[in-house]
Each structure stands twice: as structure tokens, then as C-alpha cells.
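Residue strings, one per chain:
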Amino acid sequence: MPELPEVETTVAGLRPVLEGQRLTMVEPRRADLRWPIPVDLRQRMTGAVVTSLGRRAKYGLIETDRGDVMIFHLGMSGRWRIDPEEIEKHDHLLVETQSGRRLTLNDPRRFGALDIVRRENLGHYRPFVAMGPEPLGDDFTGGYLKAATKDRKAPIKQILLDQRTVAGLGNIYVCEALHMAGISPGRKGAAISKPRYERLVAAIKQVLIAAIAAGGSSLRDFVQPDGELGYFSKDWRVYGREGEACECGGPVLRRVDSGRSTFYCSHCQK
Ligand SMILES: [Zn+2]
């Protein structure tokens, strides 16, 4: 499943193809993905010039000179294809630019989303309203996390996955960051000291930045004809490594809560 670094890399890959370009065709090929696609998306995007691309949490933002922002979410299996040789069954949105580039949004499982909002209403866009700070932003600090969790009895892992605490963190990077910071995923939020939260915030930023950098090196493939943005594999510290040796020599353990796996080391993480 694409997480924040994959979305950041996707946006970086789309930018040179779309920025400054007039869109000569924007055509949804079905009425919905996870939710209905706005019926006026085609009309509002066709003929518009893309002025900038950005990201909020795991949402990609494509802004136009008409004051609209097209929002995409990759869901479980979404990816953009650039200059595909053929249109596939699961290409649910077709885009063409003035310079003749062709893009498709491909999403076999259709858990992704496409939406369009006015730029001035972006702050009121429903998924963004209660969303916490960006994990790579300057206002996401140890002090912020300490204050945000002061009365929280929930396990820290659950708190970090709550988008109201911090936006866009998913299971993989939370497991990795907790291991890097030496914090047990089950530790209650309120029971973690401020210095440990500072280490945790530094770890979160570090794992995300490393993943974005790894993704950047895959961008070359992304823009090849029929190129696809792969979900770059990483050498995880604990994620997906149950039974293998942690860097301390002990075994990586796995626990499942509400269908979601937690990978951790009981020796390194307290
Ligand atoms: Zn260990």
C-alpha cells in the first residue's frame, strides 16, 4: 500500500510532466473509485493549466490556473502511468497534456479516490479538517507529541496511526520509527517522556526522508515509456521480518491487532 513517501515520490514524478502544461484531455472512465468521482471534474480540468503539484498527508494535489485543485488518493493499489503504450482495464482516468504526454491513473482495487475542490476551500476539505501536522513539517516536534498525548492511555503505535495526531503515517513507517527510537509499540502515550518523544520524532523524519530519497532514485524508471512507479522496496529494520535477527541479535517479533501486524524487538524497544 502506498504510504507518504510513495505519494511524495509520485508527485515528484508527475511534476515535470504536468507543471505548466495545459491539459487537453482529462477523462474519467468510470463514475467512481472508492467514492463517486465529481461529475464536473472532466469539464473543470480539461483546458486548465497545471500551476503546481503538492501533497497533504497521503493525498496528491494538482492545482490549476482556474483555482481548482484535483485531489488524488492512491488507496491500496493506485499508481500513475506515464506515456503507457496501451490503455489497460484498470486505467480509470486518462490525461493528455498540450505537449502530447499521456498519463493514466491505474487502480485495480479501486480503494483510491479522485476529487476536485476550490483552492480556497482546501482547508475545509473533509479529510483535511481534523488532520494533524505533517510529519516532515516544523511543527511536528517532541514537544508537540508530548502535549498531544498527555492524557492518552492508548498504545503509542495506535496514536501515531491516528491521522488527527500526525498526518499520513502508515503501518510500515510507524513500525520502523518505533524500532529506531527504541520505544515499544504497546507503550501508553502518556507514559513516554519528552526526550523519548524527541527521539521518536527524529526517527519518524529520518525513515520518511530515507524512503523519499530511495523513491527519488526510482524516478528515472517512472518516466520511461510505459514506465510505472514501483513501490520501492526497502531493507526494513523490522517490518516484514518476523523471526529474522534484529540488529541486537534477538528475534524480530510480530503481533496482530485488529488485523494489522506490528513488527518489533522486545529487547531493543521498551
Ligand atoms: Zn533488537
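Refer to the structure presented above.
A quick note: this is a predicted structure, and the numbers were derived from the prediction, not measured.

**Remarks on the coordination of the zinc ion**
- Here the zinc ion is held by the protein donor atoms C246 (SG), C248 (SG), C265 (SG) and C268 (SG), which lie 2.2 to 2.4 Å from it.
- Bound by four donor atoms, the zinc ion shows angles of 103 to 115 degrees at the metal and therefore tetrahedral coordination geometry.
- If you list the donors of the zinc ion from N- to C-terminus, the spacing comes out as C-x1-C-x16-C-x2-C. Linking C246 in the loop between β9 (227–228) and β10 (253–257) with C265 in the segment after β11 (260–264), this pair joins segments that are 19 residues apart in sequence.
- Take C265: its relative accessible area is 2%, and that puts it in the buried class.

**Section: the sheet that holds strand β3 (residues 59–64)**
- Overall, antiparallel pairing links the four strands, which are arranged β2-β3-β4-β8 in an open sheet. Two strands close off the open sheet at either side, each with one partner strand: β2 (50–56) and β8 (113–118). Across the sheet, the mean angle separating the axes of adjacent strands is 20 degrees when strand polarity is ignored.
- When β3 meets strand β4 (residues 68–73), the two strands line up antiparallel, connected through five bridges. When the bridges of β4 are listed, L61 appears paired with I71.
- Strand contacts of helix α1 (residues 4–18): β2, β3 and β4, with the helix running at about 175 degrees to β2, the strand carrying the most contacts.

**Examining the pairing of β4**
- Here β4 lies mainly inside the structure; six of its six residues are buried.
- A two-sided burial pattern is seen for β4, the buried positions comprising D68, M70 and F72 on one face and V69, I71 and H73 on the other.
- Remark: three residues form the turn of the hairpin made by β3 and β4, two consecutive strands paired antiparallel; G67 in that turn has positive phi of roughly 85 degrees.
- Of the strand pairs in this sheet, β4 and β8 are connected by six bridges, and their pairing is antiparallel. Bridge pairing in β8 links H73 to A113.

Procedures and definitions
- Residues numbered from 1 in each chain as written.
- Predicted model: local features only at pLDDT ≥ 70, side-chain atom pairs only at ≥ 80, totals over all residues.
- Heavy atoms only, no water.
- Donors = N, O, S within 2.8 Å, 3.2 Å for Na, K, Ca; no water.
- Tetrahedral: all angles 85-135°; square planar, octahedral: opposite > 155°, others 65-115°.
- Helix = DSSP H or I, 4+ residues; strand = E, 2+ residues; numbered from the N terminus.
- Buried < 20%, exposed > 50% of the residue type's maximum accessible area, 1.4 Å probe, protein only.
- Pairing = 2+ DSSP bridges.
- Axes fitted to C-alpha atoms, helices over the stretch in contact; angles between N-to-C directions.
- Contact = heavy atoms within 4.5 Å.

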